[in-house]
Amino acid sequence: MHFAIRHLTGYRYDGPVSDNLNALRVRPATTSTQRCDEFHVRIDPETRVSRHIDYFGTEVLEFGVPAAHDHLTIDVRARVVTSDPGAPPDGPWNAVAAPGYAEAAGEYLLPWHDEGLGDALADLERAMRATTPLATLRLLCELVPDRFEYRRGATHTHSTVEHLLEVGAGVCQDFVHLALVLLRRQGIAARYVSGYLWAAPEDGGADSLEVDTHAWLEALVPGTDGRGEPVWVGADPTNRRLAGETHVKIGHGRFYADVPPVKGVYRGPDASDLHAAVTMSRLDPQSGARA
Amino acid sequence: MTPESAPITEGYAPRAPFRDELFAEDGTPRPPARALVEALARLGPEGLVAAGRRRDAIFLQQGITFETIGEEGPTRERPFPLDLVPRILTGAEWRTLKQGLAQRIRALNHFVDDVYHGREIVREGIVPWPLIAGRSHFARAVHGIRPPGGVYCHVAGCDLVRDADGTWRVLEDNVRTPSGVSYVLENRGAMARLVPDLFSAYRVRPVDHYPQLLLAALRSVAPSADSEATVVVWTPGPANSAYVEHAVLARQMGVELVEASDLVVRDEVLYMRTTAGLKRVHAVYRRLDDDFVDPLEFRPDSLLGVPGLVRAYRAGTVAIANAFGTGVADDKAVYHYVPEMIRYYLGEEPLLQNVATYLLGDPEVREHVLGRLGELVVKPTGESGGKGVTIGPSASEEELERIARRIEAEPERWIAQEVVHLSTAPTATHDGRLAPRHVDLRPFAVFGERIDIVPGGLTRVALRDGSMIVNSSQGGGSKDTWVLEDGEPDDRAEARLPDPLPPALPDLRYGGWSGQAQQQQQAAGPDAAAEA
């Protein structure tokens, strides 16, 4: 699929602010199934933008607006081509205990420091266990939205898994955090993915959509029959499916805080009006496309 | 009157199996300590008690105090207890220690650089990667950043102990800008005033040039074209337990003492606000946890610190002492691998020994340790300052059971060590007589163009009879540490110190910081929408 993405963020402040420093993680990644052809960022008030690649391999754009200002606009445009990742491997459980698996898994297998959860997840842990790690991943993508309601405003940016369990509702970010804890407890390495989702109805029709930034996960699934390299497989517990060419990945990390799309701090009054909009447009003919 | 029969030392005897620093097993003073013991005998218990009273009055008046931590958290400030009986190291002993420390600190510095770059030591199979990545002080935000001069551990303080057989061992490494050096300076000054007669037969190597060594090291790594790089001491504020030390160091180095609100980053350069406008800063001496230095990095929910500081650091426009991320090297589980690091990075045999340490992640090791918990010392990996330490032989059954449960729940967060028989040194009791008390030694190394260590360091002493916990936060005291002059050319810097500046900037008003972040909350996609 071929997309044009426009990610517009606008802040309007109640009074003059200064030293507004921000870090953006918004550039679509280039992976084996995705290519970012064009990428532009415009900041208003105008300022210099510097770039670096962070620990997790995500490109970070940093800028600062030192002088007093009353608004900030971050206008990001990208063109991305995605392709279908193909059928994932379906290796057996015993393959996740092999030494090669732990090596490929790295820190995405480390405990979450989730001791505070106690036995709250015991039921889900029992329910999610399926015949293979891949089957478990698929099952989890059903279980999480079955048990928890998708509701904006139920949680906030820094919400914990405990918070999701308490209110019984959350957004994609919370669903992913919960799924990551559950997968790691089963010995399956899993990481948080930030990006955009083409959320068009299955029967097509739309060629432009208002969306939002999205979160899903990648789990390390062992190779079929336990042979071959384990593969990172994208899965979207908010949408009950594996990630495919509708998912445009920006980057990954252990959790949200490793890949926040926009993070900033400024000097001045706390109150500000945020307007964020992501517009995705299909640039290729829609016939034959599968969402 | 011979020293052995003087009232002050009457009945003093080393307690087997512990080695005593000043007395031999037969109860006679070791040769380097003979003149000191004679001088103490002349002073007598009354003289020592009187000098102690003068000491407390001076320390309280000067604010040289320490906050003690009891069962229910921090309690009141009390004068930092300086024991008036010094500890003596010969020139030869000191040279061995100094070389061993320099070797160790160089290896630790290599390790920090390696962890945030090539990870060669992991690829060689010497240190396991999950162990490093699992440390709470592993700082992903500074991955790939090499600081000015390649120096990370500008100030290091390894805690040394002397075992029963006289072997020096490293108990733990401290490379997150350890505190305590101001006590080394204050102690020497106080000793010279309170008990000058003790010095009369000795030539003790000076320590008062430490601030100049530190300033020279900071300037040598500061990214500045001219030699007059601007250095600041960043303190969390008067509420911090090390505030007095920050103020002393800033004053003696002749640099500004600043807080976060005095600093601002513009275009990847750090500035300090002064009455004359912004002034570029080239090097920062700090003792703040990484978590609280820059709200744009590290802790996502913190608004403390200086926004953009990591940016400036990444751009190479400022040196931070100690560098961000050094906490990965003084972790107690990583400690186990330091001898291997020395062999790997330097190709040398370690000159200083570790204490035998058990990592509890391995089920077999864990079982062995749980079986003999009563004989071992258990420590949490990420802590410092003696927090959370359980000493098996002196712990109750209940305490041992509790710690066993915590180990089983989170084995990676604990280590176990063999008990070290910390040496003792004669220490004044309340009536002025001497009694053996356990001591360790924390020398302070400064790493700039090279590694310098002022002679001696902070000898910490457990003031309670039999106790081996020397941390000042747990009721420990300190001793002046004498390294005897034996003709080795000393490293004293001769340049005069600049005139001291006022310790803080005028309090200019500035707004507070606010955070902005977006939650990821896209509505359900097609499938879920269809079902909803």
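Residues numbered from 1 in each chain as written. Chains lettered and ligands numbered in written order. Predicted model: local features only at pLDDT ≥ 70, side-chain atom pairs only at ≥ 80, totals over all residues.

Visitor: Which residues make up the domain arrangement of chain A, and what values do they have?
Guide: Accessible area lost during the coming together of the parts is what is often quoted as the interface size. All names here are of chain A. Assigned domains within chain A: domain 1 (2-82 + 260-282) and domain 2 (93-258). Each of domain 1 and domain 2 was reduced to a C-alpha centroid, and the two centroids are 25 Å apart. Tallying the contact residues gives 22 residues for domain 1 and 20 residues for domain 2. The set of elements that each furnish at least two residues to the side of domain 1 that touches domain 2 consists of strand S1 (2-24), strand S5 (69-82) and strand S15 (272-282). (Domains from an automatic or database assignment. Contact = placed C-beta atoms within 7 Å. Helix = DSSP H or I, 4+ residues; strand = E, 2+ residues; numbered from the N terminus.)

Visitor: For the domain arrangement of chain B, give the residues involved together with the corresponding values.
Guide: All names here are of chain B. Looking at the assigned domains, one finds that chain B contains domain 1 (82-192 + 205-353 + 444-463 + 474-483) and domain 2 (356-419). With centres defined by C-alpha atoms, the gap from domain 1 to domain 2 works out at 28 Å. The residue inventory of the side of domain 1 that touches domain 2, partitioned by class, reads two nonpolar, six polar and two charged. (Nonpolar A, V, L, I, M, F, W, Y, C, P; charged D, E, K, R; others polar.)

Visitor: I'd like to hear about unusual backbone geometry, residue by residue, with values.
Guide: Of the consecutive residues A:Asp44 and A:Pro45, the connecting peptide bond is found in the cis state with omega at 0°. Within the chain, A:Arg240 stands out as a residue other than glycine whose phi angle is a positive 60°. Position of A:Arg240 among the secondary structure elements: in the loop between strand S11 (231-236) and strand S12 (241-242). The residue B:Glu268 is not glycine, and still its phi comes out positive at about 65°. Given 18 C-beta atoms within a 10 Å radius, B:Glu268 is considered partly exposed. (Buried ≥ 20, exposed ≤ 12 C-beta atoms within 10 Å, placed from the backbone.)

Visitor: So what's going on with the sheet that holds strand S10 (residues 269-274) of chain B? Residues and values would help.
Guide: Residue and element names in this part refer to chain B. Here we have three strands laid out as an open sheet, ordered S9-S10-S11, and antiparallel in their pairing. Only two strands of the sheet have a single partner each, and these edge strands are strand S9 (263-266) and strand S11 (277-280). In this sheet, adjacent strand axes meet at a mean angle of 40° when their direction is disregarded. With four bridges connecting them, S10 and S11 associate as antiparallel partners. Along S11, the bridge assignment pairs Tyr 271 with Arg 280. (Pairing = 2+ DSSP bridges. Axes fitted to C-alpha atoms, helices over the stretch in contact; angles between N-to-C directions.)

Visitor: I'd like to hear about the sheet that holds strand S13 (residues 247-253) of chain A, residue by residue, with values.
Guide: All names here are of chain A. On the basis of which strands lie adjacent, the open sheet formed by five strands has the order S12-S11-S10-S8-S13 and antiparallel pairing. The sheet terminates laterally at S12 and S13, the two strands that pair on one side only. Relative to S12, S11 is paired through two bridges, and the arrangement is antiparallel. Each residue of the ladder has a partner; that of Ala 235, found in S12, is Leu 242. Lying on the sheet, helix H5 (residues 172-185) is in contact with strand S8 (190-197) and strand S10 (213-221); it crosses S10 at an angle near 15°.

Visitor: Mind laying out the interface of chain B and chain A, listing which residues take part and the relevant values?
Guide: Facing the 36 residues of chain B at the interface are 53 residues of chain A. Taken together, the elements giving at least two residues each to the side of chain B that touches chain A come down to helix H4 (129-133), S9, helix H8 (309-315), strand S25 (513-517) and helix H13 (526-531) of chain B. If you tally residues by element for the side of chain B that touches chain A, the top one is S25(B), at five residues. Split into classes, the residues belonging to the side of chain B that touches chain A amount to 15 nonpolar, 13 polar and eight charged.

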